[in-house]
2 protein chains.
Amino acid sequence: MTDKLTGAAGREYVANAIRQALRAGDLVPGQRLVELDLAEAYRTTRGAVREALQDLAAEDIVEIVPRRGARIRAVSVEEAVQITECRSALEQLCARKAAGRASEEQRAELRRIGADMRQAVADGAWEVYSALNQRLHELVIEAGGQEVARRQLERLNGPMVRFQFRLALRPGRPAQSLPQHLAIIDAVAGADPEAAARAVAAHLDDVIEQLRASAPRA
Amino acid sequence: MTDKLTGAAGREYVANAIRQALRAGDLVPGQRLVELDLAEAYRTTRGAVREALQDLAAEDIVEIVPRRGARIRAVSVEEAVQITECRSALEQLCARKAAGRASEEQRAELRRIGADMRQAVADGAWEVYSALNQRLHELVIEAGGQEVARRQLERLNGPMVRFQFRLALRPGRPAQSLPQHLAIIDAVAGADPEAAARAVAAHLDDVIEQLRASAPRA
DNA sequence: GTCGAACATCTTGTCAACAATCTCGTTGAT
DNA sequence: ATCAACGAGATTGTTGACAAGATGTTCGAC
């Protein structure tokens, strides 16, 4: 516990810690990340921090400019929209595949998630709804068996945390997205590929609209 | 020239050299990449090689296993198919956008490429056709203004070089793909987003079929 | 008071040596 | 002949010190 977390172990640890800090809002875009400071803060070596920063740069979460160090990258609304458009393209693919090849257990879990979502919205249980939402997306990708798409989607989500945060805060948002999620579930569980793709597209088009509305600045 | 190419310069140099070697077939999947050997071969330091390998690993071109070093990653046919499916999803997005917002100059260049392609196939000029093909894809992405999608597509292409090679070798392939490319050009230049997406999908569905046919092994 | 140049400090980039681990061939016992 | 333990050599991982470059500050001229 008081030991330094060294080398390869520290690398992943630091990367996760920074991702976490970003989610929590402890780090803001543009903020400088000084190697030595991070090394001290996380009880690691500069080398481990350096490699962690390289990883985060590959995920487009931080921006490294030579001789000037790393900073949290700012994501414009326009870029967030483009990211969501890409997500839409890839998730439509996954949903189509999932509708065609999901197992019975997977379809059952989808329906269960749908029921739980309804309940969560009725109860006003934000946290639960958010977790179910995440599980839904995961399950669709998993059922589609698209390992490549999964990796791509992970990358895309990295820089979006901050926007997702702002979006989830909007009052009435769960009530608005619930029917869209249920439509996705019905289509996938009901083995209707084209309807699944349409439902995903409709959902993410709505997210894009929300993004544009949420931040006229930038 | 006899000097060592050191540090950050060497990093990119080595990465490019390896990519190049892979395209040329000098490196085969599974081949080990020993840091010291590469450092000597390219007149660099081990540090530069190490970072280059990290970059290539982020592109899924090499696989690094701790304490055992880096090797060229093998891509199965199934994975190549999935990669192409993702490409299809993203390029459909780009084509749709491009059909809607390309400038007049861009549409003119597209038509010019189409004419040149016809000519190249008639002449049996493989190299020329291949270059035009690449330019076509670039231009569609550029015209669509999808910077995010462009980055994703670049990543996807990394591990595919070896397959593209095998595919382009198939006799009669240009004659087969020409009408598909022309269909894409017509739709984008003619400002018909849905037709553009359909044309891209049709083209890449055919590529997938070729992939499956090209390698029953693995 | 403002601008610009020299200087001090902070931060990242690079390297070379050392340490830890793995691979593979050899040896010896059963 | 087969197998397991051993050990030498090869290869990667880690560290600490130093070099190079950037940033911010002070001081002087106008």
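Here the structure is a predicted model, which is why all the values come from computation and not from measurement.

Cut-offs applied
- Residues numbered from 1 in each chain as written.
- Chains lettered and ligands numbered in written order.
- Predicted model: local features only at pLDDT ≥ 70, side-chain atom pairs only at ≥ 80, totals over all residues.
- Heavy atoms only, no water.
- Least-squares fit on C-alpha atoms with pLDDT ≥ 70 in both.
- Contact = heavy atoms within 4.5 Å.
- Helix = DSSP H or I, 4+ residues; strand = E, 2+ residues; numbered from the N terminus.
- Buried < 20%, exposed > 50% of the residue type's maximum accessible area, 1.4 Å probe, protein only.
- Salt bridge = Lys/Arg side-chain N within 4 Å of Asp/Glu carboxyl O.
- Expected span 1.5 Å × (residues − 1).
- Pairing = 2+ DSSP bridges.
- Axes fitted to C-alpha atoms, helices over the stretch in contact; angles between N-to-C directions.
- UniProt positions renumbered as here; feature names shortened; annotations may be inferred.
- Patch = residues over 30% accessible without salt bridge, like charges linked within 9 Å, V, L, I, M, F, W, Y side chains within 5 Å.
- Areas by Shrake-Rupley, 256 points an atom, 1.4 Å probe, with all protein chains shown as cover.
- 1 Å grid on protein atoms, 1.4 Å probe; cavity = no way out; pocket = protein on both sides within 12 Å on 5 of 7 lines; lining within 4 Å.
- Points joined across faces, edges and corners; volume = space filled by probe spheres on them.
- Nonpolar A, V, L, I, M, F, W, Y, C, P; charged D, E, K, R; others polar.
- Domains from an automatic or database assignment.
- Buried area = accessible area lost by both parts, 1.4 Å probe.

Caption draft 1: Summary view of the relation of the copies chain A and chain B. Here chain A sits on chain B after a turn of 180 degrees about the axis and a move of 0.1 Å along it, with an RMSD of 0.0 Å. The transformation relating the two chain copies, once decomposed into turn and shift, fits a two-fold axis. In terms of C-alpha distance to the rotation axis, chain A has Ala-89 of chain A as its closest residue, with the C-alpha 2.6 Å off the axis. Most of the interface of chain A is mirrored in chain B, where 100% of its interface residues are also at the interface.

Caption draft 2: Representation of unusual backbone geometry within the structure. Residue and element names in this part refer to chain A. For Asp-60, which is not glycine, the phi torsion reads 65 degrees and is therefore positive. Following the sequence through the fold, Asp-60 ends up in the loop between helix H3 (46-58) and strand E2 (62-65). Using a relative accessible area of 23% as the deciding quantity, one classes Asp-60 as partly exposed.

Caption draft 3: Local environment of the pattern of salt bridges. In total, this model carries 38 salt bridges over all chains according to the counting rule given. Glu-91 of chain A serves as the salt-bridge partner of Arg-87 of chain A, at 3.3 Å between the closest nitrogen and oxygen. Pair noted here: Arg-87 of chain A and Glu-91 of chain A are both in helix H4 (residues 77-101), with a separation of four residues, about one helical turn. With relative accessibility at 10%, the residue Arg-87 of chain A sits in the buried group. Between Glu-85 of chain B and Lys-97 of chain A there is a salt bridge; the shortest N-O distance is 2.7 Å. Of this pair, Glu-85 of chain B sits in helix H4 (residues 77-101) while Lys-97 of chain A sits in helix H4, each in a different chain. Of the residues examined, Glu-85 of chain B reaches a relative accessible area of 12% and is grouped as buried. Each of Asp-60, Arg-73 and Glu-79 of chain A together with Arg-151 of chain B takes part in one network of salt bridges that share partners.

Caption draft 4: Structural view of H4 of chain A. Taking 1.5 Å per residue as the helical rise, H4 of chain A with its 25 residues ought to reach 36 Å, and the 35 Å between its terminal C-alpha atoms agrees with that figure. Of all the 25 residues making up H4 of chain A, 19 are buried; the element is thus mostly covered by neighbouring parts of the structure.

Caption draft 5: Looking closely at the sheet that holds strand E1 (residues 32-33) of chain B. Residue and element names in this part refer to chain B. An order of E1-E3-E2 is seen for the three strands of this open sheet, with the pairing classed as antiparallel. Lying at the two open borders of the sheet, with one neighbouring strand each, are E1 and strand E2 (62-65). Here E1 runs beside strand E3 (residues 69-72); their pairing, made up of two bridges, is antiparallel. In the sheet register, Arg-32 faces E3, and the bridge partner there is Arg-71. Here helix H3 (residues 46-58) sits on the sheet and contacts E1, E2 and E3; the angle it forms with E2, its principal contact strand, is near 115 degrees.

Caption draft 6: Just the UniProt feature "domain: HTH gntR-type" (unreviewed entry) in chain A, in detail. Those places that UniProt annotates as "domain: HTH gntR-type" (unreviewed entry) correspond, in this numbering, to residues 8-75 of chain A. In residues 8-75 of chain A, the share of helix is 54% and the share of strand is 15%. The end C-alpha atoms are 29 Å apart.

Caption draft 7: Examining a nonpolar patch on the surface more closely. A cluster of nonpolar side chains, contributed by Trp-126, Phe-165 and Leu-169 of chain A, occupies part of the molecular surface with about 360 Å² of accessible area. Among the secondary structure elements, Phe-165 of chain A is positioned in helix H8 (residues 161-169).

Caption draft 8: Expanded view of the environment of Asp-55 of chain A. Residue and element names in this part refer to chain A. Structurally, Asp-55 can be placed in helix H3. According to the relative accessible area criterion, Asp-55 is partly exposed, its value standing at 27%. It is 8.8 Å that separates the C-alpha atoms of Asp-55 and Glu-12, two residues lying 43 residues apart in sequence.

Caption draft 9: Local environment of the layout of surface pockets. Here the second largest pocket is characterised by a volume of approximately 830 Å³. Around the second largest pocket, the lining comprises 25 residues; the ones closest to its centre are Arg-50, Gln-54, Ile-64, Pro-66 and Arg-67 of chain A. Elements with a contribution of two residues or more to the lining of the second largest pocket: strand E1 (32-33), H3, E2 and strand E3 (69-72) of chain A together with helix H1 (7-24) and H3 of chain B. Of the residues assigned to the lining of the second largest pocket, the class counts are 11 nonpolar, three polar and 11 charged.

Caption draft 10: Geometry of the domain arrangement of chain A. Residues and elements named next belong to chain A. Partitioning chain A into structural domains gives domain 1 (7-72) and domain 2 (77-214). On a C-alpha basis, the centres of domain 1 and domain 2 stand 29 Å from each other. On the domain 2 side, the residues contacting the nine residues of domain 1 number five residues. Overall, the association of domain 1 and domain 2 removes approximately 560 Å² of surface from exposure, summing both partners, and the carbon and sulfur fraction of that is 61%. When the buried surface of domain 1 facing domain 2 is broken down by residue, Leu-22, Arg-23 and Glu-59 rank first, second and third, together holding 53% of it. Between the two partners, domain 1 and domain 2, sit zero salt bridges. Classifying every residue of the side of domain 1 that touches domain 2 gives six nonpolar, no polar and three charged.

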